[in-house]
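Examination of the molecular architecture
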Amino acid sequence: MATDVQEPSAISYQGLEIPDEMLRAPERSLSQGVDSLVLENGLRVFILEDHTFPVATIRFSVPMGRFREHHELAGLAEITVETMMRGTEELSYGQFHRRLERLGASLSFQCGSRMASGSATLLSEDLETGMRSVSDLLMRPALRREDMARVLDEARASVEANAENVFGVAGDNLSRILCRRPELSHVTTAETLDRITHRQMFNFYQQFCRPEGSVMAVVGDVDAEEVRRIAREMFAEWDNPKSPLLRADFPTPPDLPGDTLVQSMPGRMQAAVMLGAPGPGYTSEDYVAFSVMNRILGSGIGSRLGHSVRDEQGLAYVVGSYLSAMEEKGRFGTYLSTRADYAPRALSSVVAQLDRISTEPVDAMELRLAQSCEVGRHAVSSASYGGIAGYLVRTASRGLPMDNDIIRLRTVVGLTTDDILEVAETYLDREGFFVSIAGGVEENLQLEGAQQ
């Protein structure tokens, strides 16, 4: 049963011990022992041999993210990526995917903000077939009109479903108010989808699905020399277009203080409450400290938001926070789902936690726990070929040093409670909060503890 918002309470760490060895950054990077190859067309290939298991993982990324599409054609990148997955001129949709499925493997390919990324894990003896599937996907997609029409129909159905979902509506509205010009927010709508033509999809593919800026990693029970041979054989003829590779255009945040947008969805018993603000990019000197602060606040198990807003006060079914970062800019956000009439109190409770972490030093044990979680995540990543390959592709595509995992962890374990307080003070400014609420609420909803 929800109660009035109370003074934020602290989790008790009495009796908890975290040995110093759990806060020791590893000496070995996930990239240690990696061979690399750069083809003349610019494609970068990273290879790591490990013969523990008879499997291999292929990970790859190409510069086809949604922030490279024109804002009036929001959804174009995803439409292109999905249509590419529909086969080649020689292979139908079913034939293209059955080639790997009969080997107990599959190929994935998804669109992100900067890049589109894909992967396949398969028996190492089938590596050449897997590489052929990736080559066909990137270099020889059919991009048939009828396939694009089906993908567009699915995208329109997704937009319609999103418009009935409280989180979907709140999230889209938050993206709009966090953009200096809302029309540049890259929110996919029925109108933007209706503008997309087959020619525009084909042009987007030709311009951005290119070896320049693309990265591939092959990890597992492989022979490095054999992987080099396959890469040269299958990707050397992949050409770059004459046009330069355009940077991903991350929406510029507003100059003005925060804003609040409430959208009533009659008949809904629930509401989604989302709060956002500009955050650091992954090249910022604040990025690591902010990430650890965010783990303490709302992205880790036993986080402050989960403890206070959900467990203690019963104001949310689900609650958390996140940092979505690109090179120079990022976006911080909190989210929660609650009963519609609890929305004002739930928002006030979140804001109280933001105030607390930006005005009071975190508990020393609280920080040690977050630091040990970061070190532990590195150990988990090193335990799978997919985790290692994903790290190699992500790091290389961001232009970071390949041993950035060790550089980052050394920074993490060196953080102090003052560092966490400083970065929270810098970014968690109440006047800069942007709030989006959608669900069974009135549009003139009175909000306590947040600007209106």
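Reference entry: report on the structure contained in this document. Bear in mind that the values here come from a model prediction, so they are computed numbers and not experimental data.

On to the overall build of the protein, then. The helix and strand tally for the protein stands at 15 helices and 11 strands. Computed over the C-alpha atoms, the radius of gyration of the protein is 23 Å, within 12% of the 22 Å expected from 2.2 N^0.38 for a compact globule of 452 residues. Referenced to the eigenvectors of the C-alpha coordinate spread, the extents of the protein come out at roughly 65 × 55 × 40 Å. The buried share of the protein, reckoned over its 452 residues, is 52%. Sequence-distant contacts in the protein: of pairs separated by 6 or more residues, those separated by 24 or more amount to 83%. Entry remark: accessible area of the protein is about 20,600 Å², with carbon and sulfur atoms responsible for 47%. Charge centroids of the protein, computed over 44 positive and 65 negative side chains, lie 5 Å from each other.

Time to look at helix α5 (residues 166–177). Relative to the 16 Å expected for 12 residues at 1.5 Å per residue, α5 spans 17 Å between its end C-alpha atoms, a close match to the ideal helical length. Counting buried residues along α5, 9 of its 12 residues qualify, which places the element largely inside the surrounding structure. The inward-facing, buried residues of α5 contact α4 (145–162), β7 (260–264), β8 (270–280), β9 (318–325), β10 (329–339) and β11 (434–439). For α5, the capping residue at the N-terminal end is Asn 165, with a side-chain oxygen 2.8 Å from the backbone nitrogen of Phe 167.

Here helix α9 (residues 287–299) crosses helix α11 (residues 343–359) at 145°, and the two axes come no closer than 11 Å. Handedness of the crossing formed by α9 with α11: right-handed. Facing Met 293, Ile 296 and Leu 297 of α9, the residues of α11 in contact are Gln 353, Leu 354 and Ile 357. Here the contact of α9 with α11 is built from residues that sort into 5 nonpolar, 1 polar and no charged.

Pairing within the open sheet is mixed, and its 6 strands lie in the order β1-β2-β6-β3-β5-β4. In this open sheet, the two strands that pair with only one neighbour each are β1 (35–38) and β4 (108–111). Neighbour-to-neighbour, the strand axes of this sheet turn through a mean angle of 15°, independent of strand direction. As defined by bridge partners, strand β2 (residues 44–49) adjoins strand β6 (residues 215–220) across 6 bridges and the pair is classed as parallel. Of the residues in β6, the one forming a bridge with Glu 49 is Gly 220. Relative to strand β3 (residues 55–62), helix α3 (residues 127–139) is tilted by about 15°, and along the sheet it contacts β3, β4, β5 (116–123) and β6. Sheet contacts for helix α8 (residues 224–235): β1, β2 and β6; angle to β1, the most-contacted strand, approximately 20°.

Okay, the nonpolar core next. By size, the foremost hydrophobic cluster in this structure holds 54 residues, and its most contacted members are Met 64, Phe 109, Met 131, Leu 138 and Phe 235. With near-sequence residues (within four places) excluded, Phe 109 lies in contact with Phe 60, Val 62, Met 64, Val 81, Glu 82, Met 84, Met 85, Ala 116, Ser 117, Gly 118, Leu 137 and Leu 138. One finds Ala 271, Met 293, Ala 346 and Ile 437 within the second-largest nonpolar core, a separate group that totals 48 residues.

Moving on: a negative patch on the surface. Residues Glu 285, Asp 418, Glu 422 and Glu 425 make up a contiguous surface patch of negative charge. Counting through the fold element by element, Asp 418 comes out in helix α15 (residues 417–427). Classification of Asp 418 as exposed rests on a relative accessible area of 53%.

Position of Ser 119 among the secondary structure elements: in strand β5. Judged by its relative accessible area of 18%, Ser 119 falls in the buried class. Discounting chain neighbours no more than four positions away, the residues touching Ser 119 are Ile 58, Arg 59, Phe 60, Ser 106, Leu 107 and Ser 108.

Looking now at the sheet that holds β7. What links the strands of a sheet is backbone hydrogen bonding, and the strands pair in either a parallel or an antiparallel sense. An order of β7-β11-β8-β10-β9 is seen for the 5 strands of this open sheet, with the pairing classed as mixed. Either end of the sheet is taken by a strand with one partner, and the two such strands are β7 and β9. Between one strand axis and the next, the sheet turns by 15° as a mean value, whatever way the strands run. Bridging between β7 and β11 involves 5 bridges; their strand directions are parallel. Across the sheet, Thr 260 pairs through a bridge with Val 435, a residue of β11. Taken strand by strand, α9 contacts β8, β9 and β10, and its axis lies near 170° from that of β9.

The next thing to look at is the pairing of β6. The buried count for β6 comes to 6 of 6 residues, which makes it a mostly enclosed element. What you see with β6 is no split at all: Val 215, Ala 217 and Val 219 on one side and Met 216, Val 218 and Gly 220 on the other are buried throughout. Where β3 meets β6, 6 bridges bridge the pair, whose relative direction is antiparallel. Paired with Ser 61 across the two strands is Val 215, which belongs to β6.

Remark: helix α1 (residues 76–84) packs on helix α7 (residues 198–208), axes separated minimally by 10 Å, with the N-to-C direction vectors making an angle of 85°. Between α1 and α7, the interaxial angle falls into the category roughly perpendicular. Taken together, the residues of α7 that come into contact with α1 (itself represented by Leu 76, Ala 77, Ile 79, Thr 80, Thr 83 and Met 84) are Gln 200, Met 201, Phe 204 and Tyr 205. For the contact of α1 with α7, the class distribution of residues is 7 nonpolar, 3 polar and no charged.

So, on to α1. The element α1 is largely enclosed, with a buried count of 7 among its 9 residues. Listed as buried for α1 are Leu 76, Ala 77, Ile 79, Thr 80, Val 81, Thr 83 and Met 84. Looking at the packing, one finds that the buried side of α1 touches β4, β5, α3, α4, α6 (190–195) and α7.

Parameters and conventions
- Residues numbered from 1 in each chain as written.
- Predicted model: local features only at pLDDT ≥ 70, side-chain atom pairs only at ≥ 80, totals over all residues.
- Heavy atoms only, no water.
- Helix = DSSP H or I, 4+ residues; strand = E, 2+ residues; numbered from the N terminus.
- Rg over C-alpha atoms; globule rule 2.2 N^0.38 Å.
- Buried < 20%, exposed > 50% of the residue type's maximum accessible area, 1.4 Å probe, protein only.
- Contact = heavy atoms within 4.5 Å.
- Areas by Shrake-Rupley, 256 points an atom, 1.4 Å probe, with all protein chains shown as cover.
- Lys, Arg positive; Asp, Glu negative; His and termini not counted.
- Charge placed at Lys NZ, Arg CZ, Asp CG, Glu CD.
- Expected span 1.5 Å × (residues − 1).
- Polar contact = N/O pair within 3.5 Å; in protein donor to acceptor, adjacent residues only side chain to side chain.
- Axes fitted to C-alpha atoms, helices over the stretch in contact; angles between N-to-C directions.
- Left-handed = near helix turned anticlockwise from the far one by under 90°.
- Nonpolar A, V, L, I, M, F, W, Y, C, P; charged D, E, K, R; others polar.
- Pairing = 2+ DSSP bridges.
- Core = buried A, V, L, I, M, F, W, Y, C linked by side-chain atoms within 4.5 Å.
- Patch = residues over 30% accessible without salt bridge, like charges linked within 9 Å, V, L, I, M, F, W, Y side chains within 5 Å.
- Salt bridge = Lys/Arg side-chain N within 4 Å of Asp/Glu carboxyl O.
- Parallel < 35°, antiparallel > 145°, perpendicular 65-115°, else oblique.

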